[in-house]
Amino acid sequence: KKREKIFLVCNAVFEYLYIVLSGSRTGQITLFLGVLLCAFALLQFGKRETNLMRTFRNIVFSIVIPAVLLISYPIVQTTCSSVKSLFIVENTVEEEEPFEKEEESFERLDIEDDVTNQRADIWKDAVNLIWENGKIFGKTNLGYFPYLEENYPDSFIVEFDKVSLHNDWITLLAASGIAGVGVMLIFCIFVAVRIIKYIFKYRINKEKLSEIWFPLTVLLCFLASTLISDAVFLVITTESIIFWLLLGFVMYIIDLDKGKI
């Protein structure tokens, strides 16, 4: 439907502008991965017959498209800055003291000296202070920060009130230790093996692959964000809810194919 197409195109444009102008690296990573997988699906699952050469070409194009979007960041930022200046009404009242007009910029100044934006310091404290004192079962999700406040008040996490550890796996390690991380890894490997088997089984069946490809794309984007934010594990967020619902849907399709449902 035309209305739906117009809405989706406008939504995609605004989402892209939001990621570009916010300067979020998490957004950049998920944008690259998401666009890559979606572009490949649109090229590969079209009406035209596919062969090994065409598949290889589709993979190359799928990498080039998101790369171009990332390279165009400075151009989009400069353009948006110029457009913004057109709508700014200059103050005609004379100021008592002259001041220099700051140049409009969307560059993030808080990450110039630290590309991880203090995440490395948080992870270092979490591993060295929390996990070292609770290797097997951790300090619980609601207990690791009070533990640091009591025992390590001068640590980076406590000093700057970094309750969020900005990494699902490190949070899992701090909260539930080796036991928790081990269980989650076993679960992830089990799920990944089943999904990979399904993909290889229907690698030339466009209809079957398209059933799980786009939900799988969202899942992989969320999974990538677990490495740089608290997104999926041990949190109650919209992202976490969508992740587990989509994972359940993908596993349902696989179980349905095997006749388990």
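Position labels on residues start from 1 in each chain and follow its written sequence. Selection of residues for local features in this predicted model requires a pLDDT of at least 70, selection of side-chain atom pairs for listing and counting requires 80 or more, and totals for whole chains, interfaces and linings are taken over all residues. The basis for every side-chain value is the complete set of non-hydrogen atoms in the structure, without hydrogens or water.

A few points about the overall build of the protein chain
Phase 1: The number of helices and strands found in the protein chain is 10 helices and zero strands.
Phase 2: Remark: exposure states derive from per-residue accessible area (1.4 Å probe, protein chains only) relative to the maximum for the residue type, with buried under 20%, exposed over 50%, and partly exposed in between. The buried share of the protein chain, taken over its 261 residues, is 35%.
Phase 3: Whether two residues touch is decided by their heavy atoms; if any such pair falls within 4.5 Å, the residues are in contact. Counting only contacts in the protein chain whose residues sit at least 6 apart along the sequence, the fraction spanning at least 24 positions is 67%.
Phase 4: Working note: accessible area of the protein chain is about 17,500 Å², and carbon and sulfur atoms make up 66% of it. Numbering goes from the N terminus for both helices and strands, where a helix is a DSSP run of H or I of at least four residues and a strand is a run of E of at least two. Every accessible area reported is derived by Shrake-Rupley at a probe size of 1.4 Å, with residue values counting cover from the shown protein chains alone.

Brief notes about the pattern of salt bridges
Phase 1: Here a salt bridge means any side-chain nitrogen of Lys or Arg lying within 4 Å of a carboxyl oxygen belonging to Asp or Glu. In this structure the tally under the stated criterion is three salt bridges.
Phase 2: Among the ionic pairs, K201 bridges to D257, the shortest N-O distance being 3.1 Å. Placement of K201 in helix α8 (residues 168–201) and of D257 in helix α10 (residues 238–257) is noted, with a sequence separation of 56 residues between them.
Phase 3: Taking the relative accessible area as the measure of exposure, K201 reaches 52% and is therefore exposed.
Phase 4: Assessed through its relative accessible area of 22%, D257 is described here as partly exposed.

Some points on the packing of aromatic side chains
Each aromatic ring pair is characterised by the separation of its centres together with the angle its planes make.
Phase 1: What counts as a ring pair is set by centres within 6.5 Å for rings of Phe, Tyr and Trp (its six-membered ring), and what kind of pair is set by the plane angle: stacked under 30 degrees, edge-to-face over 60, tilted for all other angles. Scanning the entire structure with this criterion turns up 10 aromatic pairs.
Phase 2: Relative to W213, the ring of F40 lies with its centre 5.6 Å away and its plane at 40°, an arrangement referred to as tilted. Remark: W213 occurs in helix α9 (residues 206–225) and F40 occurs in helix α2 (residues 25–44); sequence separation between them is 173 residues.
Phase 3: For F40, a relative accessible area of 14% puts it in the buried group.
Phase 4: Here the aromatic rings of F243 and W244 are separated by 5.0 Å at their centres, their planes lie at 90°, and the arrangement is edge-to-face.
Phase 5: With a relative accessible area of 34%, W244 lands in the partly exposed category.
Phase 6: By the ring-pair criterion, three or more aromatic residues cluster together here, those being W169, F187, F233, F243 and W244.
Phase 7: Here K139 stacks its cationic end above the ring of Y147, 4.4 Å away from the centre of that ring.
Phase 8: Sitting over the face of the ring of Y202, K208 holds its NZ or CZ atom 5.4 Å from the ring centroid. Consider the ring centre and the ring normal. A charge sits over the ring if Lys NZ or Arg CZ is within 6 Å of that centre and within 35 degrees of that normal.

Considerations on helix α5 (residues 119–130)
Phase 1: Taking 1.5 Å per residue as the helical rise, α5 with its 12 residues ought to reach 16 Å, and the 16 Å between its terminal C-alpha atoms agrees with that figure.
Phase 2: For α5, every residue scored as buried is listed here: R119, I122, W123, D125, A126, L129 and I130. Summarising the axial view, the buried residues of α5 lie within an arc of 165°, below the 170-degree limit, and thus occupy one face. Each residue after the first adds 1.5 Å to the expected span of a helix. Think of it as the arc spanned by the lines of direction from the helix axis to the C-beta atoms.

A few points about the packing of α2 against helix α3 (residues 52–71)
Phase 1: Axis lines are fitted through C-alpha atoms, for helices just across the contact stretch, and the angle between N-to-C directions can take any value from 0 to 180 degrees. Where α2 contacts α3, the two axes come as close as 8 Å, and the packing angle between them is 145°. Of the two elements, α2 crosses α3, and the hand of that crossing is right-handed. Across from Q28, L31, F32, V35, L36, A39, F40, L43 and Q44 in α2, the residues of α3 making contact are T55, N58, I59, F61, S62, I63, I65, P66, A67, L69 and L70.
Phase 2: Here the term charged refers only to Asp, Glu, Lys and Arg, the term nonpolar to Ala, Val, Leu, Ile, Met, Phe, Trp, Tyr, Cys and Pro, and the term polar to all other amino acids, Gly among them. In terms of residue class, the contact of α2 with α3 is built from 15 nonpolar, five polar and no charged. Working rule for handedness: look at the near helix, and if it is turned counterclockwise from the far one by less than a right angle, call the crossing left-handed; if clockwise, right-handed.

Overview of α2
Residues three or four positions apart in an α-helix share a direction because the helix packs 3.6 residues into each turn.
Phase 1: The first and last C-alpha atoms of α2 sit 28 Å apart over 20 residues, in line with the 28 Å expected at 1.5 Å per residue.
Phase 2: For α2, the set of buried residues is R25, T26, G27, L31, G34, V35, L36, L37, A39, F40, A41 and Q44.
Phase 3: A 3.5 Å cut-off defines polar contacts: any pair of N or O atoms within that distance qualifies, except that in protein one atom must be a possible hydrogen donor and the other a possible acceptor, and neighbouring residues in sequence count only when both atoms are side-chain atoms. You can read the cap of α2 off the contacts: a side-chain oxygen lies 3.4 Å from the backbone nitrogen of T26, and it is on S24.

Description of the side chain of Q44
Phase 1: When you line up the elements, Q44 lands in helix α2.
Phase 2: Here T55 takes part through its side chain, which lies 3.0 Å from a polar atom of the side chain of Q44.
Phase 3: In this structure, Q44 is in contact with T50, T55, N58 and K206, ignoring residues within four places of it in sequence.

Side note on unusual backbone geometry
Phase 1: Of note, T140 is a non-glycine position whose phi angle comes to about 70°, a positive value.
Phase 2: According to the relative accessible area criterion, T140 is partly exposed, its value standing at 46%.
Phase 3: For L234, which is not glycine, the phi dihedral falls at a positive 55°.

Concerning the confidence of the model for the protein chain
Phase 1: Model confidence for the protein chain is summarised by a mean pLDDT of 84, while 87% of its residues fall at 70 or above.
Phase 2: A residue's pLDDT is simply how confident the predictor is in it, with values from 0 to 100. The secondary structure element of the protein chain with the lowest average pLDDT is helix α4 (residues 73–86), at 78, and the one with the highest is α10, at 93.

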